[in-house]
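As a plain string of letters, each chain reads:
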Amino acid sequence: GQNIDQPTEMTATEGAIVQINCTYQTSGFNGLFWYQQHAGEAPTFLSYNVLDGLEEKGRFSSFLSRSKGYSYLLLKELQMKDSASYLCAVSSLPNTGTASKLTFGTGTRLQVTL
Amino acid sequence: DSGVTQTPKHLITATGQRVTLRCSPRSGDLSVYWYQQSLDQGLQFLIQYYNGEERAKGNILERFSAQQFPDLHSELNLSSLELGDSALYFCASSVASNQPQHFGDGTRLSIL
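No experiment lies behind these values; they were computed from the predicted model shown.

**Student:** Please explain the packing of aromatic side chains as it appears in this structure.
**Tutor:** Taken as a whole and judged by the stated rule, the model has 16 aromatic pairs over all chains. Look at F33 of chain A and F45 of chain A: their rings are 6.3 Å apart centre to centre, the planes differ by 65 degrees, and that puts the pair in the edge-to-face class. Remark: F45 of chain A occurs in strand 5 (residues 44-49) and F33 of chain A occurs in strand 4 (residues 29-37); sequence separation between them is twelve residues. According to the relative accessible area criterion, F33 of chain A is buried, its value standing at 1%. Within the aromatic cluster, the residues linked to one another by ring pairs are F33, Y35, F45, Y48 and F104 of chain A together with Y35, F45, F90 and F103 of chain B.

**Student:** I'm lost on the interface of chain A and chain B in this one. Help?
**Tutor:** At the interface, 20 residues of chain A touch 19 residues of chain B. Taken together, the connections running from chain A to chain B amount to zero salt bridges. Across the side of chain A that touches chain B, the residue classes break down as ten nonpolar, eight polar and two charged.

**Student:** Hey, could you run me through the state of the cysteines in this one?
**Tutor:** Defined simply, a disulfide is a covalent bond joining two cysteines at their sulfur atoms. A complete count under the given rule lists two disulfides over all chains for this structure. Across a sulfur-sulfur distance of 2.0 Å, C22 of chain A and C88 of chain A are joined as a disulfide pair. On the sign convention where negative means left-handed, the S-S torsion of about -65 degrees between C22 of chain A and C88 of chain A marks this disulfide as left-handed. In this pair, C22 of chain A is assigned in strand 3 (residues 18-25) and C88 of chain A in strand 9 (residues 84-92), connecting sequence segments 66 residues apart. Since its relative accessible area comes to 0%, C88 of chain A is described here as buried. Between the sulfur of C23 of chain B and that of C91 of chain B lies a disulfide, 1.8 Å long from S to S. The S-S bond linking C23 of chain B to C91 of chain B shows a torsion near -55 degrees; that makes this disulfide left-handed. With a gap of 68 residues between them, C23 of chain B in strand 3 (residues 19-24) and C91 of chain B in strand 9 (residues 87-94) connect regions that are remote in the sequence.

Rules of the game
- Residues numbered from 1 in each chain as written.
- Chains lettered and ligands numbered in written order.
- Predicted model: local features only at pLDDT ≥ 70, side-chain atom pairs only at ≥ 80, totals over all residues.
- Heavy atoms only, no water.
- Phe/Tyr/Trp six-rings, centres within 6.5 Å; stacked < 30°, edge-to-face > 60°.
- Helix = DSSP H or I, 4+ residues; strand = E, 2+ residues; numbered from the N terminus.
- Buried < 20%, exposed > 50% of the residue type's maximum accessible area, 1.4 Å probe, protein only.
- Contact = heavy atoms within 4.5 Å.
- Salt bridge = Lys/Arg side-chain N within 4 Å of Asp/Glu carboxyl O.
- Nonpolar A, V, L, I, M, F, W, Y, C, P; charged D, E, K, R; others polar.
- Disulfide = S-S within 2.5 Å.

Here it is, written out as structure tokens:
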């Protein structure tokens with residue numbers, strides 16, 4: 001099976017930097033996604049890592065270490081609108097010839113304060 | 001706008017009833033996924049279709065079924081509804097199964 005761990009809640013100040021960690025255990029790892037979800041709304045895609053290293057996209061960056069089963073999402077210059085849940089999702093290939101399976105963590109609720 | 005369309009946005013019904021949720025994927029996406037999200041719960045994967053064929057099954061109850069039609073739209077059928085089935089049901093689509101999924105706005109199902 002799969003196990004994905006993220007902190008349940010985090011709080012940070014507007015303008016600051018916050019790092020949201022995600023650890024996972026899976027077989028057949030095929031990539032890791034980060035999604036943002038505002039309460040009651042649809043998740044929106046933020047980033048995708050399949051190789052080790054840092055992917056940067058504007059104020060958001062995501063890092064992956066496959067050997068450690070570890071990823072983080074870095075949010076810079078925090079804005080009030082960044083208050084949302086951030087979902088770590090791991091893609092895996094259960095068996096040869098089958099489709100990739102995406103498993104979501106329970107998400108980290110980030111509150112940005114003044 | 002993700003390009004994924006779900007209808008209806010809201011659905012209120014009673015226990016024991018049957019409902020159908022509909023999803024139109026983004027243009028060009030062949031894979032469709034269904035998820036359930038209960039209050040304060042994570043996204044639970046239900047089922048995936050690719051170009052009309054079932055590709056993967058998650059924690060989908062036997063009372064639930066889905067299909068993908070030749071025009072690639074998909075329907076999720078929920079029957080013998082129970083109070084615990086109240087949730088947000090999301091549809092997502094992607095070009096391929098290891099590519100980013102794009103989510104519709106969801107259908108909020110309330111069972112009274």
